[in-house]
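# Overview (structure and organization)
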Amino acid sequence: TGCGKTTQLPQYILESETESGRGAFCNIICTQPRRISAMAVAERVSAERGEPLGDSVGYKVRLEGMKGKNTHLLFCTSGILLRRLLSDRNLNGVTHVFVDEIHERGMNEDFLLIVLKDLLPRRRDLRLILMSATLNAELFSNYFGGAPMIHIPVSIEMLPDVTKNCLQNKLTFVIAYLFLFSITFTMRYKLTSFNQVDDYGKIKFGKHRDNWCQGRKRIRLPPLL
């Protein structure tokens, strides 16, 4: 955390390919577990490069995307890459695939690793990079046949002041688990016939309204001439 793996490593590869004269053929895909992270990282990287979003750096999430014909670095969700693999089993034209935050195990992420492992023997030129801040690297390295591992150390001076202060003073963030059935007691929230949204609340509100109307006298207006 804090070493810049998500924002810097894809740029390093893109710049290296450009300096080697292969920038026009470089096509990098970097997956994120959530759509908000894919959009935020793409915006950050494009700002670092001094380019508008959608130029050389873009993003693609469900029902939304911003990329162009000159996009060589695309941030997307794991589901978007899986959907592309349905129509393009070999990922033709893609040179590098980053799978970020691989420690966040999910159905899409695990299935994506299975598909990518089967793809590598068919695409010897494809480069697959798995990234995580808290990861059992040996487990994934053995799964991919002894893939090399790289550890990037992070200096405490590179971290934000809040995180640095917590590490220096050995402070931890206390996490409290709150359950839905007990949150009403914690907030001192009382259910009434007016704020209930179930059928019982509607029925009780209807009876209350009928009783209120019965206690009121009807006012008859004289006919207008």
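Before any of the text, the structure's been laid out above.
Residues numbered from 1 in each chain as written. Predicted model: local features only at pLDDT ≥ 70, side-chain atom pairs only at ≥ 80, totals over all residues. Heavy atoms only, no water.

Another point: the side chain of Thr-77. Of note, Thr-77 is situated in strand S4 (residues 73-77). Residue contacts for Thr-77: discarding those within four places in its chain leaves Thr-31, Gln-32, Arg-34, Arg-35, Lys-60 and Val-61. (Helix = DSSP H or I, 4+ residues; strand = E, 2+ residues; numbered from the N terminus. Contact = heavy atoms within 4.5 Å.)

Here the focus is the pairing of strand S2 (residues 57-61). Burial of S2 is extensive: four of the five residues sit out of reach of the surface. By the bridge criterion, four bridges tie S2 to S4 in an arrangement that is parallel. What sits directly across from Gly-58, in S4, is Leu-74. Here three bridges tie S2 to strand S3 (residues 64-66), and the two strands are oriented antiparallel to one another. Bridging across to S3, Val-61 finds its partner in Glu-64. The loop that links S2 with its antiparallel partner S3 comprises two residues; one of these, Leu-63, has a positive phi angle of about 65°. (Buried < 20%, exposed > 50% of the residue type's maximum accessible area, 1.4 Å probe, protein only. Pairing = 2+ DSSP bridges.)

Residues Leu-81, Leu-91, Val-97, Leu-112 and Leu-116 are the most contacted members of the largest nonpolar core, which totals 18 residues. The set of elements that each furnish at least two residues to this core consists of helix H3 (78-87), strand S5 (96-99) and helix H4 (107-119). Residues contacting Val-97, with those up to four places away along its chain left out, are Ile-29, Leu-81, Leu-91, Leu-116, Leu-126, Arg-127, Leu-128 and Ile-129. Ranked by size, the runner-up nonpolar core spans 15 residues in total, among them Ile-28, Ala-42, Val-45 and Phe-98. (Core = buried A, V, L, I, M, F, W, Y, C linked by side-chain atoms within 4.5 Å.)

Let us now look at the pattern of salt bridges. Here the structure, examined in full by the defined rule, presents seven salt bridges. Measuring nitrogen to oxygen at the nearest pair gives 3.9 Å for the salt bridge that ties Arg-84 to Asp-88. Between Arg-123 and Asp-125 there is a salt bridge, and its shortest N-O distance comes to 2.8 Å. Ionic contacts of the salt-bridge type, sharing partners, join the residues Glu-15, Arg-49 and Glu-51 into one network. (Salt bridge = Lys/Arg side-chain N within 4 Å of Asp/Glu carboxyl O.)

This paragraph deals with the side chain of Thr-95. Inspection of the secondary structure puts Thr-95 in the loop between H3 and S5. Dropping the residues within four chain positions of it, Thr-95 is found in contact with Phe-25, Cys-26, Asn-27, Ile-28, Asp-125, Leu-126 and Arg-127.

The next point concerns unusual backbone geometry. Backbone geometry at Leu-63 places phi at a positive 65°, although glycine is not the residue there. Structurally, the position occupied by Leu-63 is in the loop between S2 and S3. Backbone geometry at Glu-101 places phi at a positive 50°, although glycine is not the residue there. Glu-101 gets classed as buried once you look at its relative accessible area, which sits at 18%.

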